[in-house]
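Coordinate analysis (summary)
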Amino acid sequence: MNGGLVRIREMVQHITPSERIIADYILAHPQQMASMSVADLAERSGGSQAAIIRLCKSLGFKGYPELKMKVVGDLQTQETYEYREFSPNDPIGTIVQNVSHNNMQSIRDTMKILDLGHLKRAVEALSKANRIFFFGTGASNLIAQDAQQKFLRINKACFTFTDPTVQLTAAVTIQEDDVAVGISYSGETKPVIQSLIYANEAGAATISITKYGNTTLGGVAGIPLYIASTENEIRSGAMSSRITQLNLIDILYLSVASSNYEESVEYLERSRKVLGDMEKIETRK
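My aim in this report is to walk through the structure given alongside it, one point at a time. (Residues numbered from 1 in each chain as written. Predicted model: local features only at pLDDT ≥ 70, side-chain atom pairs only at ≥ 80, totals over all residues. Heavy atoms only, no water.)

On to the packing of helix α1 (residues 4–11) against helix α7 (residues 92–113), then. In the contact formed by α1 and α7, the axes pass within 9 Å of each other and the chain directions differ by 105°. The orientation of α1 relative to α7 falls into the category roughly perpendicular. Where α1 abuts α7, its residues Val6, Arg7 and Arg9 lie against Asp109, Lys112 and Ile113. Of the residues that constitute the contact of α1 with α7, the class distribution is two nonpolar, no polar and four charged. (Axes fitted to C-alpha atoms, helices over the stretch in contact; angles between N-to-C directions. Helix = DSSP H or I, 4+ residues; strand = E, 2+ residues; numbered from the N terminus. Parallel < 35°, antiparallel > 145°, perpendicular 65-115°, else oblique. Contact = heavy atoms within 4.5 Å. Nonpolar A, V, L, I, M, F, W, Y, C, P; charged D, E, K, R; others polar.)

Notably, Asn89 is not glycine yet its phi reads approximately 60°, a positive angle. Locating Asn89 in the fold gives a position in the loop between α6 (64–77) and α7. In the Ramachandran plot, Asn155 falls in the positive-phi region, its phi being about 65° despite a non-glycine side chain. On the secondary structure map, Asn155 appears in the loop between α9 (139–152) and β2 (158–160). By relative accessible area, Asn155 is classed as partly exposed at 44%. (Buried < 20%, exposed > 50% of the residue type's maximum accessible area, 1.4 Å probe, protein only.)

Taking 1.5 Å per residue, twelve residues should reach 16 Å; helix α2 (residues 17–28) reaches 16 Å between its end C-alpha atoms and fits that length. Inspection of α2 places Glu19, Ile22, Ala23, Tyr25 and Ile26 among the buried residues, and these make up the whole buried set. Considered in projection along α2, the buried side chains sweep an arc of 160° and stay on one side of the axis. More than 90 degrees from the buried face of α2, the exposed residues found are Pro17 and Ala28. (Expected span 1.5 Å × (residues − 1). Arc of directions from axis to C-beta.)

Time to look at the sheet that holds strand β4 (residues 205–211). Taken together, the five strands give an open sheet; going across it, the order is β2-β1-β3-β4-β5, and neighbouring strands pair in parallel fashion. The sheet is open, and its two edges are formed by β2 and β5 (223–227), each paired on a single side. Each neighbouring strand pair of the sheet contributes to a mean axis angle of 15°, computed without reference to strand direction. Across the sheet, α9 lies against β1 (132–135), β2 and β3 (179–183), angled at about 160° from β2, the strand it touches most. (Pairing = 2+ DSSP bridges.)

A few words now on the pairing of β4. Burial runs high along β4: six of the seven residues are buried. Two strands pair when backbone bridges link them, and β3 and β4 are joined in this way by five bridges, in the parallel orientation. Each bridged residue has a counterpart across the sheet, and for Ala180 the counterpart in β4 is Thr206. Here β4 runs beside β5; their pairing, made up of five bridges, is parallel. Bridge pairing in β5 places Thr210 opposite Tyr226.

Below you can see the structure in the form of structure tokens.
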């Protein structure tokens, strides 16, 4: 049971000042916090017991015991977190280490906060879907295209569109037996949000893939899935968040394929053969 520190890091910019006093103290002194009562934490951090309870609710925990248990779990894994930014004239070896570290850290953190109950519901919805629509703009549309390519290989009719206006046009055609997947790291991309709203109005299942916390997209989706990626989006160009989104798409894809294993393997073999034959034709030219 871990993920307490991850949730705090992801939410620290979005909580009240009184809650942040507590959060900052926990992030700076997790070892000490692990043995503290609510009263002890309030006294040592300079906050209040009421703010601690509010912080627990903001993080999605039932109360302080669950928060402390999650933090203790983080400490027991002996994983240290340090998001590594790039600097002028970094050696190539340093860039290799930093980029790889950040990507792996984001995936590890996402594993800690991923709600398996929501994930199971998403897999069930995708498995039953007549059609799947993947909505995303900018970098998130690249994730949507990757998802479309994967699900097509196991005979799932799915669509994605680069033009936001076409996304909205497609969204109003969604029917009850379809599934709409909205992809946006910020969770505030208007065309994606509106597309899921239209899908909800049609009675279709809706899934969101966005950063952990209170986002508009996460609130609109019937099945919210969250990723972790504590990074400076301006300087790093959404690198780690892209990797975590792709990783979550892979999880969904393989889960759907596994739930209908024999048929999925048959279609995967067909697509593999077609692609292999095409490569042979190109080689002959």
